[in-house]
Every structure is written in C-alpha cells, then in structure tokens.
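A closer look at the structure
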Amino acid sequence: SSWWSHVEMGPPDPILGVTEAYKRDTNSKKMNLGVGAYRDDNGKPYVLNCVRKAEAMIASKKMDKEYLPIGGLADFTRASAELALGENSEAFKSGRYVTVQGISGTGSLRIGANFLQRFFKSSRDVYLPKPSWGNHTPIFRDAGMQLQAYRYYDPKTCSLDFSGAMEDISKIPEKSVILLHACAHNPTGVDPRQEQWKELAAVVKKRNLLAYFDMAYQGFASGDINRDAWAVRYFIEQGINIVLSQSFAKNMGLYGERAGAFTVICSDADEAKRVESQLKILIRPMYSNPPVNGARIASMILNTPDLRKEWLTEVKGMADRIISMRTQLVSNLKKEGSSHNWQHITDQIGMFCFTGLKPEQVERLIKEFSVYMTKDGRISVAGVTSGNVGYLAHAIHQVTK
Amino acid sequence: LAAYRTDEGQPWVLPVVKKVEQMIANDNSLNHEYLPILGLPEFRANASRIALGDDSPAIKENRVGSVQSLGGTGALRIGANFLSRWYNGNNNTATPVYVSTPTWENHNSVFMDAGFKDIRTYHYWDASKRGLDLQGLLSDMEHAPEFSIFILHACAHNPTGTDPTPEQWKQIAAVMKRRSLFPFFDSAYQGFASGSLDKDAWAVRYFVSEGFELFCAQSFSKNFGLYNERVGNLTVVGKDADNVQRVLSQMEKIVRTTWSNPPSQGARIVATTLSSPQLFDEWKANVKTMADRVLLMRSELRSRLEALGTPGTWNHITEQIGMFSFTGLNPKQVEYMVKEKHIYLMASGRINMCGLTTKNLDYVAKSIHEAVTKIQ
C-alpha cells in the first residue's frame, strides 16, 4: 500500500484547462483568449528589444554564478522601489522602505502574506475585491490568513460598483488588511478613476486598514508607468504605509524568469532594517535566495538610461496595441450590427476584459467558433490581433444577438 | 554560503555551462514564456533520471514524479509542505520530523515553517571517534514513533562530511522499513562528493530498490555551479503511477501559491546538458575536476598534518567526503584559528575544503598544528 492512497486528485486549473482544450482544437480559426501573456499582432510571444540588449550586455560581462543575498540583487530591488514609488518620493529618498526580490508577482505576494501572518497581529482577515485574481485566495489561505471580500465589479454595468465598494470598505473592521489592484484589475480590467482612488484612500485611512497593493501591470495598463503607479504613490503621500508586490512578468515580458519584488513602507529607516531582517528569515526556509537571471535583466534595463528609455517605448507599444484591439473589437461589433452597449470593452484597461458574456454564451463561443476563454466571460485582449478581431466580433455577435 | 573555489580561490563557472549558455543565447526560437507549474519537462525527467539511474526500475514502472524547484531548499520546502498537508493523515503536523545532529542549519527552519510542530534530532556525529555514531542513529530510529519522517543526507553529509558506508545504509534501511519511517533524502552534492554520479546516488537508489516510497530533494547549485539560478528538483518515488499522479496534482497546488512556476534559465542549462550525450560527458568531466581538487586538498592537508606530527589522528580528513570537513577542533582552537591565523572555520570546527589551495595548504596545516598544540 502507498502513503498516498488518500491523496485526492487536485481539480484541474480552470485557466490551464482552456489552453489544453485550445491546443486540441483543429479549427484553423481558433483563438486562445485565456492566455495571460502578451502576444504581438501575429499572435506570437514578444521578447522585448531592450531585454535582448540587456541580455547581451550581461553575457559580455561574464559574471559568476555566486549566490545572491537572501533579499536579492540590490540594484534590482532599489530600482524596483524607485519605479513604483517615483524617484521624488519622500519614502524612497528617506530610505523608510524595504524591498526584497521575490519570485515574480506570486512569490512576492506570498512573502507578504507570510509576513502578515507572522507579524500583523491585529487581524487575520484579508479583504479582496470581488472578483479578484483566482490565485489571491489560495496564496493568503496557505499563508494562514482568512479571506473576506468587498464589492468591486458591477455585472449590470460591467464597471466599478464604487458606492458598493465604499460602503463595504467603510464597514471593514479596523486594522484589517485590504488588497487593492494598483492598475489593470485582474480579471475585470475595471480601475477606479483618480477621484475615486482619493475617496478610497480616505476611507482606508479612516478605517486604519493595512493597504496591500498588487501591481502586476505597471506601464502595461495605460502605457505610462507614472500614471499606472498613481494610486500607490497617492496612498503613500496620504501617510498610508502600504505594502506592495510588483511583477515584471508582463511589463518586461520576463514571465518565466520570475522577476518580482515585495516592498514594505515603514515609519523610518530603522524600522525598515528590522522588517528586512524578518523578511530574510521568512525567505531563507522557502528557497534560500532568489534566481538571478530575471532580476539582472530588469536591473540592467531600469538602471541603463538608453535601455530604460527603450523599455518605456516598448511598454507603451504593448499597451497601445491592447488599447487598439479594444477599440477595433467595439467598432467591429458595431459593424456586425450588434445593438448591445460594448463601451465597457474600451473603458476597461489592461490585459483582461470582462465581456459580460454569460456561461452559455461562452460555451457556444468555444464549441461553435473555437474561441476559447474562461467561463466568467473574461478574455485576454493580448490574444486578439488585427487578423482575428473581425472573426471575434462576428462570433460574439452571433451568440449575443 | 558555501561554494566551490578554484585553486586560485576563484568562483568557477563550468566550461560546459558557458558553452550551453551561449547556445541558449544564440537560439532565437527561445523566449521567456512561463514554464508549466511543475517546471520544464525535459529538466524534470533528466534530473530524476540522474538521481535514480538510467536503469531505475521505478522510472521504468512509471512511478517517479518530479517537481522543478528553486534550488535544493525549494525542493525541500515543497516536499515539506506536501508532507505537512498529506502525509500520515491530513494536515498531521504532529508527525515527528528527525534531522541529524548536526545538520545543515536550514533544515529545521524549512520543516518548522512548513508547519511541523515536532522536530527532533537523531544521533549522527560521534565527536570522540570522529565518525558516524551508527548505534546511536539506529537506536533513535528504533525508538522513533512509526511513520516519523527522517531527513537523510544522500552523500557528503553537511556539515560533517561523514557518510554511512553501503553496509551501514543497508542497516539503516532495514530499520526504517520495519518501523515504517519515511525517507526524505537531501541530495545537494551528487557527483561533487566522490566524482561519480552513480556512487554518490547509491543510498537513494538502494532505498528505491528496497521498495520505499521516498522524496529526494536535489540541488544543482554545486554540481553544476549554478548557485544563483536556483535549480533544484524534488524527485518523488511512489508505489505506482496512479499514486504519483495524484501526488503531483497536489504538488501543483502547493507550487501555485508559493512561486506559481519556476525560473527557466537554470533549468534550460541543465536540461540541455543532460540530454546531449556529448555535453553530458563534458559535464561529468567538469564535476570530476571539482571533486578531484577537493579530494586532493584533503589528502594534501592530511599528509601535512601527519608529517608535522600534529597530535591526534587525521585520517578523518580523507575519510570524510564533500565540501566540508569536521576537523575536530574545539571552539577555543577555532577561535585561535580565526583570531590569530585569520582562517575562517565555523565554531563547530567545520572547514570548507574548497577554501584550501596549493598556495595556502602549508599555512593552514601549520595553523592547525599550532592551534592543537597551543590550545587544549
């Protein structure tokens, strides 16, 4: 007999299942709109030019492979903090922050979740927006936290339920943790406007909540890194000492290299040092020290003026292509003769779009048109190209007319 | 942290690694897309094959699973998290976990942070005879609650450098089988210890041949010199394919909330090397270079100490294996070495053999001689 007889088969990953089914489909017109990775206008993965250049520069330096410090590559963590906070940020300049390298967004979120479990004694509750990225819940749960929710997405309007959010947040018990998507909310693509962020900050401050920002799309959402970090920076300016997880998977196309960072804004530099020591104690028994490759590439780009400039242009290029696909999808739907209001497609921002399609309609899209997406009607706009946007509009119109 | 050094005291990027990195850089078909949750398939299969052997019955019977992990530590942690959730019932964090005395200092933290509440030690190092305390070890296993988890160093025990002989491993396996104890191997030095991949994997393979279900956390940090790329693999050997499949599906859940999917660069280097017969031979030669240098330093240090007539016996220096050696120096003698001679040892008397070079051998031997004769 086996030690593992009682181990259940884990349920299949819903998003991976989409890609598996897509791969099996023989229809030449098939579209994979489940993919959470950027694709160019030919539907191909895109390796940024600045990444290639950075890689060449790194190779020419012939560096050794010695272990990184537990907290990661210092040039990378400093540049990540500066990117998020802004070079003029008082918090950054005073050094009242600590940033450790994490395994992309997930790893950074997990370090933070573990840190909260160990050191945030006033509450076990983490409030997520409804809906949130599917992996947020198990990450916090496995770290030993409990999950609650606040209203966020309004399915009737396919946009932000701002009054619902404000109402729910104003009732969150003091000193709980609230998770906020800094920009390009995943999965809805619905972001608060700056005026709304101001009100959110006020209520978060009033309720004395610990604000945990997840920023996986800085630069990728609007095309402007400063604009996408606005909420993060505003909260800090309002005196809210946030914690923040960053990913460079999308905005630098470094997906499989796992480049990310976790930041804690502290009262002062001394507190930051103490927090850093505890983060290292958490990291060491997880994987000792982080992988160098992605961090080195990101650091080279952020710290080399020419490469940084090129990166900003490329990031804008990716964001612009996504925005253009949104626009084309809406205009094609109009051309198809759809009488529905599809404005939310262009109002929403980032890689994902909550189309508003119902499960039965999604199923028809998959079965009759080989257009693959998750059951909640979420599409990855990154999977749309000028070559297939017409077909997509046609298919959506067929199932919604 | 311990890493290999050349005879010039420098870090060493393996020539085969440089070659493969260049191949990867020149391959425009490669990109930076996500790996699957469990890692690069070619890496996983090859990594487990290295540990278990080409002719492993477990591989032939399709009852081996692999989880690409962030170094050996990451493999240990994923394994520990899985055991904490699924071993000996569900979420049975009261299951005792045994680590050797002494052991790598991070072992404790890995299992503690994975949730285990009862971490115990088993006898291992016998300071008086400077060798393995086999009787103590076997006795601890006899008295351990059944189903306890035992962390075993596959080879090149860290920090003592003292490994059981094959005969001793057989005795250990017999007790573990009888007491239903779970073997969790930590294999961080395969190839690096003796210079032979097969020899260094003997214990793991013996346990597999004895029908154990086991975990083996592998690190490619030392034997590939890929320290900062974080290349590791958790090899899972189960009773049959069905069990292994279910285990892997639950490993995915654990990985997904820890790092989602592993880093690709290091895994690509290892997979490319292991799947090409020519590169594989080059790698084995590089590994032997490192192992041979360490073996040479051991024999040179021992012969100098014996020539100096340094009090005590010094055969343990060459009988021990791997990167580290428990010299037998006591804390006061260690302090002398550090303060007066600027030679850095741990308080335990552990020395990193990679720090020895042909240039400093005389100095180190003389310093040990002074420490032992001047300080009691």
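Residues numbered from 1 in each chain as written. Chains lettered and ligands numbered in written order. Predicted model: local features only at pLDDT ≥ 70, side-chain atom pairs only at ≥ 80, totals over all residues. Heavy atoms only, no water.

Things to note about the overall build of chain B
Across its full length, chain B holds 15 helices and 11 strands. Since a compact globule built from 376 residues should have a radius of gyration of about 21 Å, the 21 Å found for chain B is in line with a globular shape. Over its C-alpha atoms, taken along the principal directions, chain B stretches across nearly 60 × 55 × 35 Å. Relative to its 376 residues, chain B shows a buried fraction of 61%. Long-range contacts, defined here as pairs at least 24 residues apart, represent 75% of the contacts in chain B between residues at least 6 apart. With the model as given, the accessible surface of chain B reaches about 13700 Å², and the carbon-plus-sulfur share is 52%. Distance between charge centres in chain B, computed from 39 positive and 38 negative side chains, equals 2 Å. (Helix = DSSP H or I, 4+ residues; strand = E, 2+ residues; numbered from the N terminus. Rg over C-alpha atoms; globule rule 2.2 N^0.38 Å. Buried < 20%, exposed > 50% of the residue type's maximum accessible area, 1.4 Å probe, protein only. Contact = heavy atoms within 4.5 Å. Areas by Shrake-Rupley, 256 points an atom, 1.4 Å probe, with all protein chains shown as cover. Lys, Arg positive; Asp, Glu negative; His and termini not counted. Charge placed at Lys NZ, Arg CZ, Asp CG, Glu CD.)

Some points on the domain arrangement of chain A
As a measure of interface size, the accessible area lost when the parts come together is often cited. All names here are of chain A. Entries for chain A in the domain assignment read domain 1 (14-46 + 320-400) and domain 2 (67-303). A C-alpha centroid distance of 29 Å is found between domain 1 and domain 2. The junction of domain 1 with domain 2 conceals about 1300 Å² of combined surface from both sides, 66% of it contributed by carbon and sulfur atoms. Sorting the residues of domain 1 by area buried against domain 2 places I349, F352 and F354 first, and these three jointly supply 41% of that buried surface. The interface formed by domain 1 and domain 2 contains zero salt bridges. The tally of links from domain 1 across to domain 2 stands at four residue pairs in polar contact (both at pLDDT 80 or more). When contributions to the side of domain 1 that touches domain 2 are tallied by element, the ones reaching two or more residues are α13 (305-336) and β11 (352-354). (Domains from an automatic or database assignment. Buried area = accessible area lost by both parts, 1.4 Å probe. Salt bridge = Lys/Arg side-chain N within 4 Å of Asp/Glu carboxyl O. Polar contact = N/O pair within 3.5 Å; in protein donor to acceptor, adjacent residues only side chain to side chain.)

What about the UniProt feature "domain: Aminotransferase class I/classII large" (unreviewed entry) in chain A?
Cross-referencing UniProt, the feature "domain: Aminotransferase class I/classII large" (unreviewed entry) maps to residues 29-396 of chain A in the present numbering. Its end C-alpha atoms 14 Å apart, residues 29-396 of chain A is made of 47% helix and 15% strand. (UniProt positions renumbered as here; feature names shortened; annotations may be inferred.)

Remarks on the nonpolar core
With 71 residues, the main nonpolar core has W311, L329, L365 and V371 of chain A as its most contacted residues. If you tally residues by element for this core, the top one is α13 of chain A, at nine residues. Built from parts of two domains, this core gets at least three residues from each of domain 1 (14-46 + 320-400) and domain 2 (67-303) of chain A. Those residues in contact with V371 of chain A that sit more than four places away from it in its chain are M31, L33, L365, I366, Y391, L392 and A395 of chain A. Among the nonpolar cores identified, the runner-up in size contains 68 residues, and V100 and L210 of chain A together with A217 and V247 of chain B belong to it. (Core = buried A, V, L, I, M, F, W, Y, C linked by side-chain atoms within 4.5 Å.)

Description of the confidence of the model for chain B
Per-residue confidence for chain B averages 96 on the pLDDT scale, and 100% of its residues sit at or above 70. The complex prediction reports pTM at 0.97, with the ipTM value standing at 0.96. (pLDDT = per-residue confidence, 0-100.)

Some thoughts on the packing of helix α15 (residues 359-369) of chain A against helix α16 (residues 389-400) of chain A
Residues and elements named next belong to chain A. Contact geometry for α15 and α16: axes closest at 10 Å, N-to-C directions at 125 degrees. Taken together, the axes of α15 and α16 are oblique relative to one another. Remark: the crossing between α15 and α16 carries right-handed chirality. On α16, the residues touching Q361, R364, L365 and F369 of α15 are Y391, H394, A395, I396, Q398, V399 and T400. (Axes fitted to C-alpha atoms, helices over the stretch in contact; angles between N-to-C directions. Parallel < 35°, antiparallel > 145°, perpendicular 65-115°, else oblique. Left-handed = near helix turned anticlockwise from the far one by under 90°.)

So, the pattern of salt bridges
Residue and element names in this part refer to chain B. Summed over all chains, the structure comprises 40 salt bridges over all chains. The salt bridge partner of D292 is K288, with a shortest N-O separation of 2.8 Å. Highlighted residues: D292 and K288, both in helix α12 (residues 277-308), separated by four residues, approximately one helical turn. The exposure class of K288 is partly exposed, given its relative accessible area of 41%.

Quick notes on helix α7 (residues 162-170) of chain A
Inspection of α7 of chain A places F162, G164, A165, M166, D168 and I169 of chain A among the buried residues, and these make up the whole buried set. Elements in contact with the buried residues of α7 of chain A: β4 (146-151), β6 (159-160), β7 (177-181) and α8 (194-206) of chain A.

Observations concerning the pairing of strand β2 (residues 97-101) of chain B
Residue and element names in this part refer to chain B. Most of β2 sits out of view: four of its five residues are buried. Pairing of β2 with strand β3 (residues 119-123) involves five bridges; the strand directions are parallel. Bridged to V97 within β3 is I119. In this fold, β2 hands off to helix α5 (residues 106-113), which returns the chain to β3; that crossover is right-handed. (Pairing = 2+ DSSP bridges. Right-handed = clockwise from strand over helix to strand, strands pointing away.)

Topic: the environment of D268 of chain A
Residue and element names in this part refer to chain A. For D268, the position within the fold is in the loop between β10 (259-265) and α11 (269-287). Among the polar contacts made by the side chain of D268, one reaches the main-chain amide nitrogen of D270 at a distance of 3.1 Å. A distance of 2.7 Å separates the side chain of D268 from the backbone nitrogen of E271, its partner in a polar contact.

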